[in-house]
Amino acid sequence: MAGDRSIVVAGAGSIGCFVGGWLAAAGHRVALLARPRVIGEIESNGLTVTSFEGGVHHVTPGRLMLSDDPGIFADAVVVLVAVKSADTAEVADAIERYAPKDAIIVSLQNGVGNVPVLRARLPQRTVLAGMVPFNVIAKGEGRFHRATSGDIVIERDDAATASRLSVPGLRMRASSDIAGVQWGKLLVNLNNAINALSGLPLRQQLAQRSWRLLFADQLNEGLAAVSAEGIKPVSPTPVPASWTPRLLALPDAVFGLLLGRVVNVDPQARSSMWEDLQRGRRTEIDYLQGVITEIADRRGLKVPVSRRIVALIKDAETAGRGSPTLSVEQIRSDRFRH
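Thresholds applied
Residues numbered from 1 in each chain as written. Predicted model: local features only at pLDDT ≥ 70, side-chain atom pairs only at ≥ 80, totals over all residues. Heavy atoms only, no water. Helix = DSSP H or I, 4+ residues; strand = E, 2+ residues; numbered from the N terminus. Buried < 20%, exposed > 50% of the residue type's maximum accessible area, 1.4 Å probe, protein only. Core = buried A, V, L, I, M, F, W, Y, C linked by side-chain atoms within 4.5 Å. Contact = heavy atoms within 4.5 Å. Salt bridge = Lys/Arg side-chain N within 4 Å of Asp/Glu carboxyl O. Axes fitted to C-alpha atoms, helices over the stretch in contact; angles between N-to-C directions. Left-handed = near helix turned anticlockwise from the far one by under 90°. Nonpolar A, V, L, I, M, F, W, Y, C, P; charged D, E, K, R; others polar. Pairing = 2+ DSSP bridges.

J.: Tell me about the environment of Trp-243, and name the residues and values.
T.: Its place among the elements puts Trp-243 in the loop between α8 (209–228) and α9 (244–248). For Trp-243, a relative accessible area of 48% corresponds to the partly exposed category. Counting along the chain gives 214 residues from Trp-243 to Arg-29, while the straight-line C-alpha distance between them is 42 Å.

Here it is in structure tokens:
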């Protein structure tokens, strides 16, 4: 990266702290724009990033710039945007005010609507879409653990940003079809809400055919919606998106063998939406299932599973008691009210 300028992570939560920590451990100059709670954890304990694959890095507080003040953007060469989707406009305005005009902006957010917001508010800047396929568990005391596999994908650009950011143990690769990649990830992310409602570790949830069939029904609604929009999703796994519902319906033993070949999942991994509910934070349901229901409204499609899951997640947000630990039958039943 350019000279002594920084890679700034805007919104250093679980994903942001993991990516920032790994980049810092590889020798990059890294700054984290984070909440005071996260800053306090790192100042007291340092930043420890681990991977289910065995990698461990500990970054001392002195090797990072930490702040909750957006003035930290002032010497950015790259800004990695990792805020929740609802905060995209606000962080874009801060980038416009404080970051150098030549800083490259990379969205590492869920959903498909964040880059248009960034570009609308940052019209004179380079804004690149990105996709993070793995999830990260915040373990407290400045510790962040990568719990699933996959490479970060970044929109191809003339500056070869993906290649410049890629480091050992945290590969970033370029794509010329980043829109397809993002829609493929959105379809996979439809399981985030199901996992959050179940309260189960992802591996345990996916090991049970009844849960997989619920996910398959959700995927079929999502595939119908993106097809109606003329979108061709690119799967983040070797399995094409259109095949996934049928594979989810396989017997448990067969699916278990297939899962191990396609993606690695830490036994304790849960979705980021589960973590949001546990911490009493608003979720990104409007930017995942909510996208499917919005398309359905415009296209006259029936998406009852999507609508049901949106309602249950919003109920759980309002209740503020963490995951409601529902059964498949409770999620499917219109008669159940949390």
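J.: Explain the nonpolar core to me, and be specific about the residues and the numbers.
T.: Judged by nonpolar contacts, the single largest core of 47 residues is most densely connected at Leu-186, Ile-309, Ile-313 and Ile-331. Where this core is concerned, the elements lending two or more residues are α6 (178–198), α7 (202–206), α8, α10 (252–262), α11 (272–278), α12 (289–299), α13 (304–319) and α14 (328–332). Every residue in contact with Ile-309, bar those within four places of it in the chain, is listed here: Ala-193, Ile-194, Leu-197, Gln-218, Ile-285, Gln-289 and Ile-331. By size, the runner-up hydrophobic cluster in this structure holds 39 residues, among which are Val-30, Leu-47, Val-106 and Val-167.

J.: Summarise the pattern of salt bridges; cite the residues concerned and give the values.
T.: Evaluated as defined, the whole model comprises 21 salt bridges. A salt bridge links Arg-5 to Asp-102, with the nearest nitrogen and oxygen atoms 2.8 Å apart. Here Arg-5, found in the segment before β1 (6–10), pairs with Asp-102, found in the loop between α3 (88–98) and β7 (104–107); they are 97 residues apart in sequence, far enough to count as distant. Where salt bridges share partners, they join Lys-84, Glu-275, Asp-276, Arg-279 and Arg-281 into one cluster.

J.: Which residues make up the side chain of Asp-157, and what values do they have?
T.: In this fold, Asp-157 is placed in the loop between β11 (152–155) and α5 (161–165). Dropping the residues within four chain positions of it, Asp-157 is found in contact with Ile-104 and Leu-128.

J.: Which residues make up the packing of α6 against α8, and what values do they have?
T.: Two numbers describe how α6 lies on α8: the axes approach to 10 Å, and their chain directions differ by 145°. The interaxial crossing formed by α6 with α8 has right-handed handedness. Across from Trp-183, Leu-187, Val-188, Leu-190, Asn-191, Ile-194 and Ser-198 in α6, the residues of α8 making contact are Trp-211, Leu-214, Phe-215, Gln-218, Leu-219, Gly-222, Leu-223 and Val-226. Its residues placed into classes, the contact of α6 with α8 shows eleven nonpolar, four polar and no charged.

J.: Residues and numbers for the sheet that holds β7, please.
T.: In space, the eight strands of this open sheet follow the order β5-β2-β1-β6-β7-β8-β11-β12, with mixed pairing throughout. A strand with exactly one partner marks an edge of an open sheet, and here the two such strands are β5 (64–67) and β12 (172–175). On average, adjacent strands in this sheet sit at an angle of 25° to one another, irrespective of strand direction. In terms of strand pairing, β1 meets strand β6 (residues 76–81) through five bridges, oriented parallel. Opposite Val-9, over in β6, you have Leu-80 as the bridge partner.

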